[in-house]
Amino acid sequence: MKRIVTFLIFLLCNVATAQHIKAFYYVEPSSKNLPVFVRGNLDDKTILLYVQGGDAENGIDFGRSNYPKWKRTLEEQVAIAYFDQRGLNKPLKKIDTASINQIQNLKDIIAIAKSLKERFNARIYLFGHSNGGRHVLETLGRYPQESAFVAGGIAFNTPITTDFSSKRYNYYRPLYLKNLALEKMAHNMNTSYWEEAFEWMMDRDSIHTAEDSKRWNAYVDYAFDPTKRKIGLGMVFKTVFARPYNPIKYLNNKDNKFVGDKLWYAEKKLWDENKQTPLWAILPKIQKPILLITGRYDAISVPDEMEDAHKLIANSKLEIIQNAAHESFLDQPEQFREVVMKFIQSKKS
């Protein structure tokens, strides 16, 4: 009985002293640009600045709805800051189109990170999923001096190639299916099916038609059934009726489509002019410690592509989470948390 009482006192003391935070502010208060929402535990004086995966998708609603399940995993140990890109859900009628571009996005990430460091006196890690991970890597590689105050970067389920990259369809995705089929056959798992998949992939140099893409997707989807999570009514209420959102504007998605289209066409123009993904050349310039994470069955950020990125970043670590796909943080939330926290703890000075 005495041990139980002692344990309960210890538990209550720790709960009482934990520095939990929940804050909202604008990095550009006069124009209501770049809203930031911070939540989690600041005991460790560490904040992960979450960079949303898709262009023109709202990071704040992602965090408020607790879709990634971090509220009961990562946010128990560190704080996470969520933000919305420039131009999204603004109370103003007109969007400054001149400021909607990828370079401005990178500069905004640095500005937000700097504001977090100054406000909370914390170590800041850039923390991006999918295309957000590309922004993390590009920010640190393109602006090493401006981002010198950042402790490091975590890019998870991040493809280095883009939708416009021939290397994605001529090399990485074919290689992924071949290796996947060989692995399944080696474990005697539905051998005839994976032999068929392997032979089909060997018969073509790339996935260049809509028919090939459909067939490829069918093969790789068969390998793993990712976690499905429904969006409940409570998750919606937590987002659309909280700052900075206007429910009607949020639901009609007009601003998001406008910003997303502008960024998409800008990226396409960049590809048409250069015929290569600039990020490959930027990776060797990254000076900060980097954690790369992907799922073994991530068909978007395939392990082979992550391996090549890892080789180009001097101070980097690669973790491939088994039994996980493109949303590794949902498929294996505890393992994801352990990988992230181990990286952060190892970088403490």
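Predicted model only: the values in this text are computed from it and were never measured.

Conventions adopted
Here, residues in each chain are numbered from 1, in the same order as that chain's written sequence. In view of the model being predicted, local features appear only for residues whose pLDDT reaches at least 70, and side-chain atom pairs are presented and counted only at 80 or more, with totals across whole chains, interfaces and linings using the full set of residues. Excluded from the side-chain calculation are hydrogens and water; included are all heavy atoms of the structure. Strands here are runs of E lasting at least two residues and helices are runs of H or I lasting at least four, both read from the DSSP assignment and numbered beginning at the N terminus. Relative accessible area decides the class of each residue, using a 1.4 Å probe on protein chains only: under 20% of the type maximum gives buried, over 50% gives exposed, and in between gives partly exposed. Note on contacts: a residue pair is in contact if any heavy atoms of the two residues lie within 4.5 Å. Shrake-Rupley sampling with a 1.4 Å probe provides the accessible areas, and residues are treated as covered by the protein chains on show and by no other component. Here a helix's expected span is defined as the number of its residues, less one, multiplied by 1.5 Å. A residue's pLDDT is the predictor's confidence in that residue, given on a scale from 0 to 100. Lines fitted to C-alpha atoms define the axes here, with helix axes fitted over just the stretch in contact, and angles between the N-to-C directions of these axes take values from 0 to 180 degrees. Crossing handedness: left-handed means the near helix sits turned counterclockwise from the far one by under a right angle, and right-handed means the same turn made clockwise. The residue classification treats Ala, Val, Leu, Ile, Met, Phe, Trp, Tyr, Cys and Pro as nonpolar and Asp, Glu, Lys and Arg as charged. All others, Gly included, are polar. Paired strands, as defined in this entry, are two strands with at least two bridges between them according to DSSP. By convention, a crossover is right-handed whenever its connection, traced from the first strand over the helix to the second and viewed with the strands pointing away, goes clockwise.

### Some thoughts on the overall build of the protein
Scanning the protein from N- to C-terminus turns up 14 helices and eight strands. Counting across all 349 residues of the protein, residues that qualify as buried make up 52%. A fraction of 76% describes how many contacts in the protein between residues 6 or more apart in sequence connect residues 24 or more apart. Accessible surface for the protein amounts to roughly 17300 Å². Of this, 54% is attributable to carbon and sulfur atoms.

### A closer look at unusual backbone geometry
Even without glycine at this site, Ser130 takes up a positive phi of about 55 degrees. You can see Ser130 is positioned in the loop between strand E5 (123-129) and helix H4 (131-142). One non-glycine residue, Asn188, lies in the positive phi region at around 55 degrees. Mapped onto the fold, Asn188 is located in the loop between helix H5 (166-186) and helix H6 (191-202).

### Section: helix H14 (residues 333-346)
When the terminal C-alpha atoms of H14 are compared, their 20 Å separation across 14 residues agrees well with the 20 Å that a helix rising 1.5 Å per residue should span. Phe336, Arg337, Val339, Val340, Met341, Phe343 and Ile344 are the residues of H14 that are buried. The secondary structure elements touched by the buried residues of H14 are strand E3 (46-51), E5, strand E6 (152-156), strand E7 (290-295), strand E8 (316-321) and helix H13 (328-331).

### Quick word on the confidence of the model for the protein
Per-residue pLDDT for the protein has a mean of 87; in total, 83% of the residues score no lower than 70. In the predicted structure, residues 7-16 sits below a pLDDT of 50 and forms zero contacts with residues beyond four places in sequence or in another chain.

### Concerning the packing of H6 against helix H7 (residues 210-223)
To characterise two packed helices, one gives the angle between the axes of the helices and the distance between these axes. In the contact formed by H6 and H7, the axes pass within 11 Å of each other and the chain directions differ by 145 degrees. Classified by chirality, the crossing of H7 by H6 is left-handed. From H6, Tyr193, Trp194, Glu196, Ala197, Trp200 and Met201 reach across to H7, where they touch Asp212, Arg215, Trp216, Ala218, Tyr219, Tyr222 and Ala223. Residues belonging to the contact of H6 with H7 are distributed by class as follows: ten nonpolar, no polar and three charged.

### Remarks on helix H12 (residues 303-312)
Within H12, burial applies to Pro303, Asp304, Glu305, Met306 and Ala309. Tucked into the core, H12 has its buried residues touching H5, helix H11 (279-282), E7 and E8.

### Considerations on the pairing of E6
Of all the five residues making up E6, five are buried; the element is thus mostly covered by neighbouring parts of the structure. Side chains of E6 alternate between two faces, with Gly152, Ile154 and Phe156 and Gly153 and Ala155 buried alike. Two strands pair when backbone bridges link them, and E5 and E6 are joined in this way by five bridges, in the parallel orientation. Note on E6: the bridge partner recorded for Gly128 is Ala155. This β-α-β element, E5 to H4 to E6, shows right-handed connectivity. Where E6 meets E7, four bridges bridge the pair, whose relative direction is parallel. Considered in E7, the bridge of Gly153 is made with Ile290.

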